[in-house]
Amino acid sequence: PTALDVTSLAKLLASEEVISSGTPLVVLNPQLVDMATGALGLEGRTVMKRMNAEFTEGFVLKTLVGGALTRAYPGNYALWREDAGETGGYAFVKDQLSRPNFLDMMDDLAPEDESTPGFVKEIGRFIKGLQSL
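Everything quoted here is computed from the prediction, not taken from an experiment.

Some words on the side chain of Arg71
One can find Arg71 in strand E2 (residues 67–72). One polar contact links the side chain of Arg71 to the main-chain carbonyl oxygen of Glu57, over a distance of 2.7 Å. Here the side chain of Arg71 touches Gly75 through a polar contact of 2.8 Å, landing on its backbone oxygen. Those residues in contact with Arg71 that lie beyond four places of it in its chain are Thr56, Glu57, Gly58, Phe59, Val60, Asn76 and Tyr77.

Quick notes on the nonpolar core
Counting residues in each nonpolar core, the largest one holds 8 residues, listed as Val60, Leu64, Leu69, Tyr77, Leu79, Met105, Met106 and Leu109. Among the elements of the structure, strand E1 (59–64), strand E3 (77–82) and helix H4 (102–109) are those that each provide at least two residues to this core. By residue number, the principal contributor to this core is H4, which donates 3 residues. In this structure, Tyr77 is in contact with Glu57, Val60, Leu69, Thr70, Arg71, Lys94, Asp95, Gln96, Leu97, Ser98, Arg99 and Pro100, ignoring residues within four places of it in sequence.

Looking at the pairing of E2
Pairing of E1 with E2 involves 6 bridges; the strand directions are antiparallel. For Val60, the partnering residue across the bridge sits in E2 and is Arg71. Between E1 and the antiparallel strand that follows it, E2, lie 2 residues; Gly66 among them carries a positive phi value of about 85 degrees. Summarising the sheet, E2 and E3 pair through 4 bridges and their orientation is antiparallel. Along E3, the bridge assignment pairs Leu69 with Leu79. Taking the residues between adjacent antiparallel strands as the criterion, E2 and E3 are bridged by 4 residues.

Overview of H4
Among the residues of H4, Met105, Met106 and Leu109 are the ones counted as buried. Buried residues in H4, looked at end-on, bunch into an arc of 100 degrees, giving them a common side. The backbone nitrogen of Leu103 lies 3.1 Å from a side-chain oxygen of the residue at the head of H4, namely Asn101.

Examining the sheet that holds E3
One open sheet holds the 4 strands; their spatial order is E1-E2-E3-E4, and the pairing between them is antiparallel. Only two strands of the sheet have a single neighbouring strand rather than two, namely E1 and strand E4 (90–96). For this sheet the average axis-to-axis angle between neighbouring strands, irrespective of direction, equals 20 degrees. H4 rests against E1, E2, E3 and E4 of the sheet, and its axis sits at about 40 degrees to E3.

A look at the packing of aromatic side chains
According to the stated counting rule, one finds 1 aromatic pair in the structure shown. Ring centres of Trp80 and Phe92 lie 5.4 Å apart, and the angle between their planes is 75 degrees; on these two criteria the pair is classed as edge-to-face. Here Phe92 lies in strand E4 and Trp80 lies in strand E3, a separation of 12 residues in the sequence. With a relative accessible area of 47%, Phe92 lands in the partly exposed category.

About the thresholds
Residues numbered from 1 in each chain as written. Predicted model: local features only at pLDDT ≥ 70, side-chain atom pairs only at ≥ 80, totals over all residues. Heavy atoms only, no water. Helix = DSSP H or I, 4+ residues; strand = E, 2+ residues; numbered from the N terminus. Polar contact = N/O pair within 3.5 Å; in protein donor to acceptor, adjacent residues only side chain to side chain. Contact = heavy atoms within 4.5 Å. Core = buried A, V, L, I, M, F, W, Y, C linked by side-chain atoms within 4.5 Å. Buried < 20%, exposed > 50% of the residue type's maximum accessible area, 1.4 Å probe, protein only. Pairing = 2+ DSSP bridges. Arc of directions from axis to C-beta. Axes fitted to C-alpha atoms, helices over the stretch in contact; angles between N-to-C directions. Phe/Tyr/Trp six-rings, centres within 6.5 Å; stacked < 30°, edge-to-face > 60°.

Rendered as C-alpha cells:
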C-alpha cells in the first residue's frame, strides 16, 4: 500500500472478516508516507502504529548506509556491516529479538576508529542526552 491507500488499509484492518477469521493478512512493502509532502498524515500515523503493534514482520531486508538489516521469521533481526573482505560483502555485527532503532543501528555500523566519531554517532549521543533529561 501507499499513502493513497491508507484509508482502504484502515478499513480492511477494521473489517469483521479480517478480525474474526484469524486468516493471516500479508502486506508487502507498506509505504504509508506521502512522498509528495514527505510526511505521514494523522490517519497514516494511526495505521502505522497499529501495524507496528499487531503485525509480525516475516521478512526484512533493509539497506542502510554502511550495512543492512535482515530478518527471516521466526529468527531474530540481524545487523550486517559492509565489508569487502567478507564472503558476500557483509560481516555480521549482532542480532536481537526486537527491531533495533535507527540510531542504535547507526552507532553499531559507525567506523570502529573511535578517535573520529562520525556525524551520525554524535547526533545519536546528543539525542540520547536529550532523552535522559
